[in-house]
Amino acid sequence: MRIGVIGLGNMGAGIAANLIKAGHEVTVYNRSRPKVDALAAQGAQAADTVADACGGDVVLTMLADDAAVAGVTFGDEGIIASSVSDTVHISSSTISVAMSQRLTEAHGAAGQKFVAAPVFGRPEAAAAAKLFVVAAGPAATVSAVTPVFDAIGQRTFVVAEDPSAANLVKLSGNFLIGSVIESLGEAMALVAKGGVDRHQYLDILTSTLFSAPVYKTYGGLIANEQFEPAGFAAPLGHKDIGLVLSAAEELRVPLPIASLLRDRFLRLLAEGGEQLDWSAISSLAAADAGTSDHSA
Ligand code: NAP
């Protein structure tokens, strides 16, 4: 397939590389040019503008947030203005339910196809083509772009014909991951202050009732206090908790733990944690326990 990839950050770079490896004809665009050149060296066509990445069968966006996706999609030089009617826009960024609905309506009004396909998995999983893809959109359109999902992930879940359902699933998942990070941070602060080795504690957890990847991945980062370089940066975690709260507000669903997480991220950012991984909110529990200054 001829695929444009817009957004070559921690996630998009690995996704684009795997699309190339799978034999697709890939054109890449990124706001800052060095990331484009890095992918060009791996066999991608370099695009100078968003429009230059929109001429193929698919244009996949993997951008930071709602504003970034809106910026490349709408307007005279954007994806909608630059795509042909057969081009499918796959939005893999973690964006709001409301933005996904806006994209669905705008592409529909332009006679174009839109699929939401947010992903689970950190940059290592993106690089290894081991993402989990949660896709939603018209069945025929999702089916047509399955080769894209096969090239970037280990499994695709098709959840609904309404694209925004995939975004709701993704946001709810990140809410759960954030809850695990906070809980692990609190539990580790407790046992560490009581004199238990954090690594041994993590081994006990993950060898018994808590063997899921989320405990292993984040438990390791928390036990090692390894918050840099950020695989998933704290501002993005803060964004996602805000988005899950917005979706919950719209649906009138109280999420008291998400409200707590929002304040944890706000504190981390207020104290200078912009560059840290989102798992650094765990250091706040250690600071509350008086065992760390969580020096951000
Ligand atoms: P990242 O490394 O910060 O990359 C962000 C990308 O968005 C870069 O290409 C950046 O361009 C671009 N961008 C940001 N603001 C922009 C704007 N206003 N206009 C145009 N481009 C803009 O982020 P990431 O970790 O790859 O995450 C990308 C998306 O995937 C996010 O929605 C995130 O929530 C989601 N996600 C991340 C992970 C993870 O573990 N990292 C996992 C699953 C999902 P520049 O290079 O020019 O800054």
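Residues numbered from 1 in each chain as written. Predicted model: local features only at pLDDT ≥ 70, side-chain atom pairs only at ≥ 80, totals over all residues. Heavy atoms only, no water.

Examining the domain arrangement of the protein chain
Once the domains are mapped, the protein chain shows domain 1 (2-162) and domain 2 (168-295). The C-alpha-based centres of domain 1 and domain 2 are spaced at 28 Å. When the two sides are added together, the surface that domain 1 and domain 2 hide from each other amounts to roughly 1200 Å², 68% of it contributed by carbon and sulfur. If you sort the residues of domain 1 by the area they bury against domain 2, Thr 94, Phe 120 and Arg 122 come out on top, with a joint share of 51%. For the pair domain 1 and domain 2, the interface holds one salt bridge. The salt bridge partner of Arg 122 is Asp 277, with a shortest N-O separation of 2.9 Å. Taken together, domain 1 and domain 2 are joined by five residue pairs in polar contact (both at pLDDT 80 or more). For the side of domain 1 that touches domain 2, the class distribution of residues is eight nonpolar, three polar and three charged. (Domains from an automatic or database assignment. Buried area = accessible area lost by both parts, 1.4 Å probe. Salt bridge = Lys/Arg side-chain N within 4 Å of Asp/Glu carboxyl O. Polar contact = N/O pair within 3.5 Å; in protein donor to acceptor, adjacent residues only side chain to side chain. Nonpolar A, V, L, I, M, F, W, Y, C, P; charged D, E, K, R; others polar.)

A closer look at helix α5 (residues 97-109)
Spanning 13 residues, α5 covers 18 Å between terminal C-alpha atoms, matching the ideal 18 Å at 1.5 Å per step. Within α5 the residues assigned to the buried category are Val 97, Met 99, Ser 100, Leu 103 and His 107. Seen end-on, α5 carries its buried residues on one side only, within an arc spanning 160°. In α5, those exposed residues whose orientation departs by more than 90 degrees from the buried face are Ala 98, Glu 105 and Ala 109. In this structure, the buried side of α5 is in contact with α3 (66-73), α4 (79-82), β5 (88-91), β6 (113-116), α9 (164-193) and α12 (234-251). Following α5 by one or two positions, Gly 111 adopts a phi angle in the positive range, close to 75°. (Helix = DSSP H or I, 4+ residues; strand = E, 2+ residues; numbered from the N terminus. Expected span 1.5 Å × (residues − 1). Buried < 20%, exposed > 50% of the residue type's maximum accessible area, 1.4 Å probe, protein only. Arc of directions from axis to C-beta. Contact = heavy atoms within 4.5 Å.)

What about the site of the ligand?
Surveying the vicinity of the ligand reveals 25 residues, the closest of which are Asn 10, Asn 30, Ser 32, Lys 35 and Lys 239. Within the side chain of Asn 30, one N or O atom sits 2.6 Å away from an oxygen atom of the ligand. At the level of elements, α1 (10-21) and α12 are the ones that each hand at least two residues to the shell around the ligand. Top element by residues in the shell around the ligand is α12. It accounts for three residues. When residues are assigned to domains, the shell around the ligand turns out to be shared by domain 1 (2-162) and domain 2 (168-295), each giving three or more. (Near = heavy atom within 4 Å.)

A few points about the packing of aromatic side chains
According to the stated counting rule, one finds five aromatic pairs in the structure shown. Ring centres of Phe 210 and Tyr 215 lie 5.1 Å apart, and the angle between their planes is 65°; on these two criteria the pair is classed as edge-to-face. Assessed through its relative accessible area of 31%, Phe 210 is described here as partly exposed. The class for Tyr 215 is partly exposed, based on a relative accessible area of 22%. With a centroid separation of 6.0 Å and an interplanar angle of 80°, the aromatic rings of Tyr 218 and Trp 278 are classed as edge-to-face. Remark: Trp 278 occurs in the loop between α13 (256-270) and α14 (282-288) and Tyr 218 occurs in helix α11 (residues 213-223); sequence separation between them is 60 residues. A relative accessible area of 6% means that Tyr 218 is categorised as buried. (Phe/Tyr/Trp six-rings, centres within 6.5 Å; stacked < 30°, edge-to-face > 60°.)

Focus on the UniProt feature "domain: 6-phosphogluconate dehydrogenase NADP-binding" (unreviewed entry) in the protein chain
Those residues carrying the UniProt feature "domain: 6-phosphogluconate dehydrogenase NADP-binding" (unreviewed entry) are residues 2-158 in this numbering. In residues 2-158, helix accounts for 40% and strand for 24%; the two terminal C-alpha atoms are 22 Å from one another. (UniProt positions renumbered as here; feature names shortened; annotations may be inferred.)

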